[in-house]
Amino acid sequence: MTINYPIIYGFSVFALLALIYSPYDYLAYVVMMSSLFLNFLFKPAFFFKGPFVALFCFSVSILLSLIFSVDFQRSAIPSLYIILIIAFSIFSASRIDDEVGVEIFLFFGVLGFLLIGLRNFTVDPGFLVRSSGIAGQPNALGLLSGTGVVVSLALIVMREGGRSPKVFLCAFTGFLSMYWLVMSGSRGAFLATGISLVYLYCMCFRFNVIRYLFLALVVLFVSVLNISLFENSALFQRLMVLPQALGMTGWGGGAQFESAADPIRIEIASKAYSAFFEKPLLGNGTSTFINFSDYVYTHSTYLEVMFSLGLIGLVTFVLFLATSFGPKINGGSRFFPNESLAIVKNFSVMFFVFSGFSIPSYQSKSQIVIYIFILMAYRVIYLRHKEGDVGEQK
């Protein structure tokens, strides 16, 4: 019996994205659990190298933090949910052996983000107001949309352009996601996407996809061309007061965005540091920041991990990010590889790294696509170059 695992795992992620922020999102967990059961039913696959090891250790730190949480009841469900995502990511990526499987998985992700982009139009409040979309919170919409941009462009680059319907669908989904990224007014997601796109743009001169990347950059920053409109947008106003939000001198902004200039994030960080030093090894537990502050989260992945999971969680999480840039490729390097799959993997890692500075993304539902893609790409690259090394020795 032949099982097409890329389609199974791709559909599972599509189900999660299609149902995300809806009354029926619990059905996605049923699909994921069924996929995991299928993995164990037919000869379990478990790849244990690099980021796979680090992510597994990270899940152990989550479990330990849950056991010693300051509020076990509040931490239980979020912690188990993250562990489920990590388990699903590791076991699904362990089944993929080639670029075809990676492309199939990414295509299901693109379909999911296309549906999300269309659903957002049902709750659009207008250009001058920060949109929350189906996520119900602007920063969550920004992270969701930025991830849609990353996944769409990753598949375009892997296919090295072309004029197939699949590529045009990816381009449309990427443009739609960029629109909602701007509409969300999320500075962190916007800057993370922009920085990652610069890396991708610079790395892809050797491929026949430069026209797609150029169009992507134009769409992302198209509002800048119409200064009179962009100056009044939520995103521009929030970018202008970013220095003030960080405790520095700013350039001002509209009165409706005065709260965005409030250096409240510095106060949040201070509370997170204080709570961390009370339990530095294992942290205070997932989703317990509200026990120490009037705010639900710390506005930073790294602060959130440090506060929630302590030093053990922070170290294993950083190791996951660091090892995700590997493996080193013959004729290239970890950060400047010479093949499309490695380039888009690093592109995804960079988005994950930079978005984490302002958004607690590691436990976001949409990031399962990034987790799985990074692991899949790492495994395929590792296997291919290992086979190449063996062939050379023979």
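Residues numbered from 1 in each chain as written. Predicted model: local features only at pLDDT ≥ 70, side-chain atom pairs only at ≥ 80, totals over all residues. Heavy atoms only, no water.

1. Describing the overall build of the chain
Reasoning step 1: Looking only at helices and strands, the chain has 18 helices and zero strands in total.
Reasoning step 2: Taking all 394 residues of the chain together, 56% fall into the buried category.
Reasoning step 3: For the chain, the proportion of contacts with a sequence separation of at least 24, taken over those separated by at least 6, is 75%.
Reasoning step 4: When the accessible surface of the chain is summed, it comes to about 16,500 Å², and 68% of that surface belongs to carbon and sulfur atoms. (Helix = DSSP H or I, 4+ residues; strand = E, 2+ residues; numbered from the N terminus. Buried < 20%, exposed > 50% of the residue type's maximum accessible area, 1.4 Å probe, protein only. Contact = heavy atoms within 4.5 Å. Areas by Shrake-Rupley, 256 points an atom, 1.4 Å probe, with all protein chains shown as cover.)

2. Focus: the packing of aromatic side chains
Reasoning step 1: According to the stated counting rule, one finds 23 aromatic pairs in the structure shown.
Reasoning step 2: Through pairs of rings, three or more aromatic residues link up here, namely Phe58, Tyr302, Phe317, Phe320, Phe352, Phe354, Phe357, Tyr362 and Tyr371.
Reasoning step 3: If you follow Lys166 out to its NZ or CZ, it ends over the ring of Phe107, 4.7 Å from the centre.
Reasoning step 4: Taking the ring centre of Tyr21 as reference, the NZ or CZ of Lys365 above it sits at 5.9 Å. (Phe/Tyr/Trp six-rings, centres within 6.5 Å; stacked < 30°, edge-to-face > 60°. Lys NZ or Arg CZ within 6 Å of the ring centre and 35° of its normal.)

3. Some details on the pattern of salt bridges
Reasoning step 1: Counted according to the given criterion, the structure contains five salt bridges.
Reasoning step 2: A salt bridge links Lys365 to Asp25; the nearest nitrogen and oxygen atoms lie 2.8 Å apart. Of the two residues, Lys365 sits in the loop between helix H17 (340-355) and helix H18 (368-393) while Asp25 sits in the loop between helix H1 (5-19) and helix H2 (26-41), which places them 340 residues apart along the sequence.
Reasoning step 3: With relative accessibility at 19%, the residue Asp25 sits in the buried group.
Reasoning step 4: Across the pair Asp71 and Arg74 runs a salt bridge, and its minimum N-O distance is 3.3 Å.
Reasoning step 5: Relative accessible area serves as the criterion here: at 39%, Arg74 is assigned to the partly exposed category.
Reasoning step 6: Each of the salt bridges in this network shares a partner with another, and the network as a whole consists of Glu99, Glu339 and Arg384. (Salt bridge = Lys/Arg side-chain N within 4 Å of Asp/Glu carboxyl O.)

4. Some details on the environment of Phe88
Reasoning step 1: Structurally, Phe88 is set in helix H4 (residues 72-93).
Reasoning step 2: For the pair formed by Phe88 and Tyr9, sequence separation is 79 residues and the distance between their alpha carbons is 8.8 Å.
Reasoning step 3: Here Phe88 is in contact with Tyr9, Ser12, Val13, Met32, Ser35, Leu36, Ile368 and Ile372, once residues within four sequence places are set aside.

5. A word on H17
Reasoning step 1: In a regular helix each residue adds 1.5 Å, so 16 residues correspond to 22 Å; H17 covers 22 Å between its end C-alpha atoms and thus fits that length.
Reasoning step 2: Here H17 lies mainly inside the structure; 15 of its 16 residues are buried. (Expected span 1.5 Å × (residues − 1).)

6. Considering unusual backbone geometry
Residues other than glycine predominantly adopt negative phi, and peptide bonds predominantly adopt the trans conformation.
Reasoning step 1: Its identity as a non-glycine residue notwithstanding, Ser287 has a phi of 65°, on the positive side.
Reasoning step 2: One can find Ser287 in the loop between helix H15 (264-278) and helix H16 (301-323).
Reasoning step 3: We note that His299 has phi near 65°; this positive angle belongs to a residue other than glycine.
Reasoning step 4: With respect to the element layout, His299 can be found in the loop between H15 and H16.
Reasoning step 5: When its relative accessible area of 16% is taken as the criterion, His299 is described as buried.

7. Focus: helix H3 (residues 51-67)
Reasoning step 1: Spanning 17 residues, H3 covers 24 Å between terminal C-alpha atoms, matching the ideal 24 Å at 1.5 Å per step.
Reasoning step 2: Considered for burial, the residues of H3 that qualify are Pro51, Phe52, Ala54, Leu55, Phe58, Ser59, Ser61, Ile62, Ser65 and Leu66.

8. A closer look at the environment of Gln363
Reasoning step 1: Inspection of the secondary structure puts Gln363 in the loop between H17 and H18.
Reasoning step 2: Linking Gln363 and Ile86, residues 277 residues apart in sequence, is a C-alpha distance of 9.9 Å.
Reasoning step 3: Setting aside residues up to four positions removed in sequence, Gln363 forms contacts with Tyr81, Ile82, Thr286, Ser287 and Glu304.

9. What to know about the environment of Ile85
Reasoning step 1: Locating Ile85 in the fold gives a position in helix H4.
Reasoning step 2: For the pair Ile85 and Ile372, spaced 287 residues apart in sequence, the C-alpha to C-alpha distance is 9.3 Å.
Reasoning step 3: Once you skip the residues sitting within four places of it in the chain, Ile85 turns out to touch Ser364, Ile368 and Tyr371.

10. Here's the deal with the packing of helix H5 (residues 99-120) against helix H7 (residues 165-184)
For any two helices packed against each other, the geometry is given by the interaxial angle and the distance between the axes.
Reasoning step 1: One can describe the packing of H5 onto H7 by two numbers: an axis separation of 9 Å at closest approach and a directional angle of 45°. As summarised for this structure, H5 and H7 are arranged oblique, according to the angle between their axes. Regarding H5 and H7, the two cross each other, and that crossing is left-handed. Contact residues: H5 offers Phe107, Val110, Leu111, Phe113, Leu114, Gly117, Leu118 and Asn120, while H7 offers Lys166, Leu169, Cys170, Phe172, Thr173, Leu176 and Trp180. (Axes fitted to C-alpha atoms, helices over the stretch in contact; angles between N-to-C directions. Parallel < 35°, antiparallel > 145°, perpendicular 65-115°, else oblique. Left-handed = near helix turned anticlockwise from the far one by under 90°.)

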